[in-house]
Amino acid sequence: MKDPMSLRLGPLAEPIIEAAEAAGQTPSEWIRSACAETLGVDPPAMVSGNPGAAEQSAAANAARWKKKKRRTRSS
């Protein structure tokens, strides 16, 4: 699932990158932590990679290896 949000940081980008590096976080982790702290909630746990990859792969394999209909000759 892709979040329907876009964020343009402008001149905030560089100080955020520096603050994230100082905290040992990625800029995304740092921004999520700052937002969560401001909102008074815990930062969300983010799954690395594509969480839907296994489901997509299973669907692709099922489509690829589906049972073929047997052709019969009609007289």
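All values derive from a computational prediction rather than experimental measurement.

Chemist: Give a detailed account of the overall build of the chain, specifying residues and quantitative values.
Modeler: Looking only at helices and strands, the chain has 3 helices and 0 strands in total. Burial statistics for the chain: of 75 residues in total, 4% are counted as buried. Only carbon and sulfur atoms are counted for the fraction: they give 55% of the accessible area of the chain, which is about 7,400 Å².

Chemist: Got a sec to walk through helix α2 (residues 27-39)? Specific residues and values, please.
Modeler: For α2, built from 13 residues, the straight-helix expectation of 18 Å at 1.5 Å per residue is met to within 8% by its first-to-last C-alpha distance of 18 Å. The positive-phi residue at the C-terminal boundary of α2 is G40, with phi of around 75 degrees.

Chemist: Quick rundown of the packing of helix α1 (residues 13-23) against α2? Include the residues and the values.
Modeler: At their nearest, the axes of α1 and α2 sit 8 Å apart, and the two run at 90 degrees to each other. In terms of axis orientation, α1 runs roughly perpendicular to α2. In contact with I16, I17, A19, A20 and A23 of α1, α2 contributes P27, W30 and I31.

Chemist: Help me get a handle on the confidence of the model for the chain, residues and values and all.
Modeler: Should the pLDDT be low somewhere, the predicted coordinates at that spot are not to be read in detail. Per-residue pLDDT for the chain has a mean of 85; in total, 88% of the residues score no lower than 70. Element-level mean pLDDT values for the chain span from 79 in helix α3 (residues 53-64) up to 97 in α1.

Conventions and cut-offs
Residues numbered from 1 in each chain as written. Predicted model: local features only at pLDDT ≥ 70, side-chain atom pairs only at ≥ 80, totals over all residues. Heavy atoms only, no water. Helix = DSSP H or I, 4+ residues; strand = E, 2+ residues; numbered from the N terminus. Buried < 20%, exposed > 50% of the residue type's maximum accessible area, 1.4 Å probe, protein only. Areas by Shrake-Rupley, 256 points an atom, 1.4 Å probe, with all protein chains shown as cover. Expected span 1.5 Å × (residues − 1). Axes fitted to C-alpha atoms, helices over the stretch in contact; angles between N-to-C directions. Parallel < 35°, antiparallel > 145°, perpendicular 65-115°, else oblique. Contact = heavy atoms within 4.5 Å. pLDDT = per-residue confidence, 0-100.

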